Amino acid sequence: MANRLTKIYTRTGDKGTTGLADGSRVSKTSERIETLGDIDELNSVLGILLTELTAEDPLQPVFFQIQNDLFDLGGEIAMANPDYQAITPDIVTELENHLDTLNEQLPPLTEFILPGGSRAAAYCHQSRSICRRAERQMIRLCDTEKQNPMGAMYLNRLSDLLFVCARTLARRAGSTEIYWKPRKKS
């Protein structure tokens with residue numbers, strides 16, 4: 001970003017359009033902007049989650065990296081150039097490695113889990129559900145415009161990682177996972 005923002009409002013979006021990184025303008029309701037909004041919301045909730053972790057928590061650097069990766073993904077989408085790729089296969093593999101390491105430390109999952117268990121776990125579940133929405137929106141964008149397929153893969157792996165992180169955080173807090181108990185039909 002060569003020029004830092006010195007004036008926050010520009011009035012250029014008053015008619016329902018916004019600028020992309022290449023200078024073009026699109027509707028604020030376009031698939032691209034909807035995708036960027038979902039990714040931004042996910043990043044914001046991850047910021048709340050991070051306030052629940054201590055500086056020494058081993059998940060903190062993982063979440064900080066994810067926040068940076070989400071900014072990279074947003075930049076990739078804002079470029080509107082399918083040849084520009086910030087999310088690469090090795091970044092997706094990094095998520096898979098974190099996922100495998102954390103999942104190995106958890107007992108097998110035999111029941112459906114309700115979101116909760118601790119405040120940090122609940123924020124992690126909220127992040128996961130927003131991530132799933134961002135993934136669905138990314139797929140809609142990919143259906144209408146050529147995009148780097150790694151973006152959707154990244155969001156898919158990230159939602160899985162967030163699920164495992166939520167389980168990890170709940171257990172760390174001494175909470176038991178809250179299992180779904182369907183009502184018995186009479």
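Residues numbered from 1 in each chain as written. Predicted model: local features only at pLDDT ≥ 70, side-chain atom pairs only at ≥ 80, totals over all residues. Heavy atoms only, no water.

S.K.: Please explain the overall build of the protein chain as it appears in this structure.
M.R.: Within the protein chain, the regular secondary structure consists of 5 helices and 4 strands. With respect to the principal axes defined by its C-alpha atoms, the protein chain has extents near 55 × 45 × 30 Å. Relative to its full complement of 186 residues, the protein chain shows a buried share of 39%. Across the protein chain, every contact between residues at least 6 apart in sequence was considered, and the portion connecting residues at least 24 apart equals 72%. Each charge class in the protein chain was averaged separately, 22 positive and 25 negative side chains, and the resulting centres sit 9 Å apart. (Helix = DSSP H or I, 4+ residues; strand = E, 2+ residues; numbered from the N terminus. Buried < 20%, exposed > 50% of the residue type's maximum accessible area, 1.4 Å probe, protein only. Contact = heavy atoms within 4.5 Å. Lys, Arg positive; Asp, Glu negative; His and termini not counted. Charge placed at Lys NZ, Arg CZ, Asp CG, Glu CD.)

S.K.: Please clarify how the nonpolar core should be interpreted in this entry.
M.R.: In a soluble, globular protein the nonpolar side chains are often hidden away together inside. Counting residues in each nonpolar core, the largest one holds 45 residues, and the members touching the most others are Phe63, Ile66, Tyr154 and Leu158. Contributing elements (two or more residues each) for this core: α1 (31-51), α2 (59-79), α3 (89-104), α4 (119-144) and α5 (149-172). Ranked by the residues each element gives to this core, the list is headed by α5, at 12 residues. With near-sequence residues (within four places) excluded, Phe63 lies in contact with Leu46, Leu49, Leu50, Leu53, Cys124, Leu162 and Cys165. (Core = buried A, V, L, I, M, F, W, Y, C linked by side-chain atoms within 4.5 Å.)

S.K.: I keep staring at the pattern of salt bridges and nothing clicks. Help me out?
M.R.: Where side chains of opposite charge bring their charged atoms close, a pairing between them can arise. For the structure shown, the criterion picks out 8 salt bridges. For Glu145, the salt bridge goes to Arg32, with nearest N and O atoms at 2.2 Å. In this pair, Glu145 is assigned in the loop between α4 and α5 and Arg32 in helix α1, connecting sequence segments 113 residues apart. The exposure class assigned to Arg32 is buried, which follows from its relative accessible area of 4%. We note a salt bridge from Asp38 to Arg133, for which the minimum N-O separation is 2.8 Å. (Salt bridge = Lys/Arg side-chain N within 4 Å of Asp/Glu carboxyl O.)

S.K.: What exactly am I supposed to notice about the packing of aromatic side chains here?
M.R.: Between two aromatic rings, the relevant description is the distance of the centres plus the angle of the planes. What the rule picks out here adds up to 1 aromatic pair. Plain terms: the ring middles of Phe112 and Trp180 are 5.7 Å apart, the flat faces sit at 70° to each other, and that makes the pair edge-to-face. Of this pair, Phe112 sits in the loop between α3 and β3 (113-114) while Trp180 is found in the segment after β4 (178-179), placing the two residues 68 residues apart along the sequence. Residue Phe112 is classed as exposed on the basis of its relative accessible area of 62%. (Phe/Tyr/Trp six-rings, centres within 6.5 Å; stacked < 30°, edge-to-face > 60°.)

S.K.: What should I look at first to understand unusual backbone geometry in this one?
M.R.: For residues other than glycine, phi is negative in most cases, and the peptide bonds are mostly trans. Even without a glycine there, the phi angle at Ala80 is positive, about 55°. For Ala80, the position within the fold is in the loop between α2 and α3.

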